[in-house]
Amino acid sequence: MTDTLTIALWATNLSVPVNGLAGWAARVEAKMAEAAEAGAKILIMPEFASEQWLSFKPEGLKPTEEIGWMADQAPDAVALLNPLPEKYGVALLAGSMPWRVDGRSGDGFRNRAWLLLPDGRAVPQDKMALTPGEQDPDSWSLATGDEIHIVEWEGMRLATLICLDVEMPALSSLLAPQNIDLLMVPSMTYSLSGYSRVFGCAKARAVELMSAVAATGCVGAAPGTTQNDQNVSGCAVYLPCETELGFTGVHSTVGPVEGDESDGNLGDGPFLIARDIPLDIIRQKL
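In this report, we go over the structure that sits alongside the text. Per chain, the residues get numbers from 1 upward, laid out in the order the sequence is written. Residue-level local features of this predicted model are given only where pLDDT is at least 70; pairs of side-chain atoms are given and counted only at 80 or more, and the full residue set underlies all totals for whole chains, interfaces and linings. To obtain the side-chain values, all non-hydrogen atoms of the structure were used and water was disregarded.

**With respect to the nonpolar core**
In these notes, a set of buried Ala, Val, Leu, Ile, Met, Phe, Trp, Tyr and Cys residues joined through side-chain atoms within 4.5 Å is what counts as a nonpolar core. Only protein chains enter the area calculation, which uses a 1.4 Å probe; residues under 20% of their type maximum are buried, those over 50% are exposed, and those in between are partly exposed. One finds Ile7, Leu9, Ile42, Leu158, Leu183 and Ile277 to be the most contacted residues of the largest nonpolar core, which totals 53 residues. Helix and strand labels come from DSSP, where a helix needs a run of H or I of at least four residues and a strand needs a run of E of at least two; each type is numbered from the N terminus. The leading source of residues in this core is helix α5 (residues 192-209), at six residues. Whether two residues touch is decided by their heavy atoms; if any such pair falls within 4.5 Å, the residues are in contact. Other than its neighbours up to four places away in sequence, Leu9 contacts Ile44, Ala214, Ala215, Thr216, Cys235, Ala236, Val237, Pro270, Phe271, Leu272 and Ala274. Among the nonpolar cores identified, the runner-up in size contains 43 residues, and Ala40, Leu81, Trp114 and Met188 belong to it.

As C-alpha cells, this is what we get:
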C-alpha cells in the first residue's frame, strides 16, 4: 500500500501550436520525463487538453464540426500516449477529449478523460455534468456520462471528476462510501470566477471525502479555437483540514494564471510537483 504519494500537475498552455498529433504527444512525453525525474507517480493534465489540436484543424472546419473532428483524432492520440506510462513508470491522466460513443439514441460524443497506467490499463471517465456550452447544438454538443469509475492501483483507490462534476455535491455523496485516496480534477475555466468555483469545491471535496484532491486546468487558448479565447487556471492539491495534515487543507498550489491565444510567454504552462502527499495519515483519520 502506498503511504505517501508524489504527483505532477500540468496546467497546460494551449496557446503553444502543435503541428499534428505526433507533435502533441511529444510535448506530453517531455512532461512525463520531467515528472519521472522528479519522482512523481502520476501526471495530471487538464480538461479539453485536446483543444490544442485545433491549431492543426482542417481549413473551413465549422464550430459544430470541431467535436466530431477531435473525436476522430482521439483514438490515435490515446494510442500515441499508451506506451508512455510503462516507459516512464508514471501513470498519466491525459486530460479530457471528445470521444465518440454509440448510445440508444444514436451516435454521440462524450467529454472523456483517460487514465493510462504503467500496467497497460486504460480507464475512461466521462463528464457527468455538462456546461451550457457543452450542450449547445449550434457549437459544441456532448452527451453526459453515467458512471464514476474507481481505479485500484498500487494499493491506492483513485477517481476522477471532470471540472463542473466536482461542484456537484450529489456526485460527492456517491463517492463518499468508496474510501478513495486521491480524487483527480482536470478542468477548463474561462474566468477567475470559474477557477475559484472549481478549485474551491475541490477543497471542499477533500474535507467531505477525507481524501487528497488534485486539480489542474488549462491556461492560454488554442490557436484556431472558436470556443475558449482565454483560460484561467493553476494547480493545487488539497487535504482534509486536520491538525495532523497542516491545519489549512492546502498541501501545495500554484495560483491562477490568465492567458489567451497570444500568450506564448506562458511557456508550457504551470507545472507543480506535489511531494509526499500523506495518504497514510489521511487513512488513519477515516
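**Focus on the pairing of strand β8 (residues 182-187)**
Counting buried positions over the six residues of β8 gives six, a clear majority of the element. Burial of β8 is two-sided: the residues Leu182, Met184 and Pro186 facing one way and the residues Leu183, Val185 and Ser187 facing the other way are all buried. Pairing between strands is defined by DSSP: at least two bridges between them are needed. Of the strand pairs in this sheet, strand β7 (residues 156-160) and β8 are connected by three bridges, and their pairing is parallel. Of the residues in β8, the one forming a bridge with Ala159 is Leu183. For a crossover, the right-handed case is the one in which the path from the first strand over the helix to the second runs clockwise, viewed with the strands pointing away from the viewer. In this view, the connection linking β7 to its parallel neighbour β8 by way of helix α4 (residues 169-175) has right-handed handedness.

**Some details on empty space enclosed by the protein**
The rule is simple: put a 1 Å grid over the protein atoms alone, call a set of points where a 1.4 Å probe fits but cannot get out a cavity, call an open set with protein on both sides within 12 Å along at least five of seven lines a pocket, and count a residue as lining if it has an atom within 4 Å of a point. Grid points are joined across faces, edges and corners, and a volume is the space filled by probe spheres set on the points. Scanning the entire structure with this criterion turns up one cavity of 30 Å³ or more. Within this model, the largest cavity holds a volume of roughly 60 Å³. Around the largest cavity, the lining residues are Leu93, Ala113, Leu115, Val123, Pro124, Gln125, His149, Val151, Leu158, Ala159 and Thr160. Sorting the residues of the lining of the largest cavity by element identifies β4 (106-116), β5 (122-126) and β7 as the ones contributing at least two each. Classification convention: Asp, Glu, Lys, Arg as charged; Ala, Val, Leu, Ile, Met, Phe, Trp, Tyr, Cys, Pro as nonpolar; all other residues, Gly among them, as polar. The class makeup of the residues in the lining of the largest cavity is eight nonpolar, three polar and no charged.

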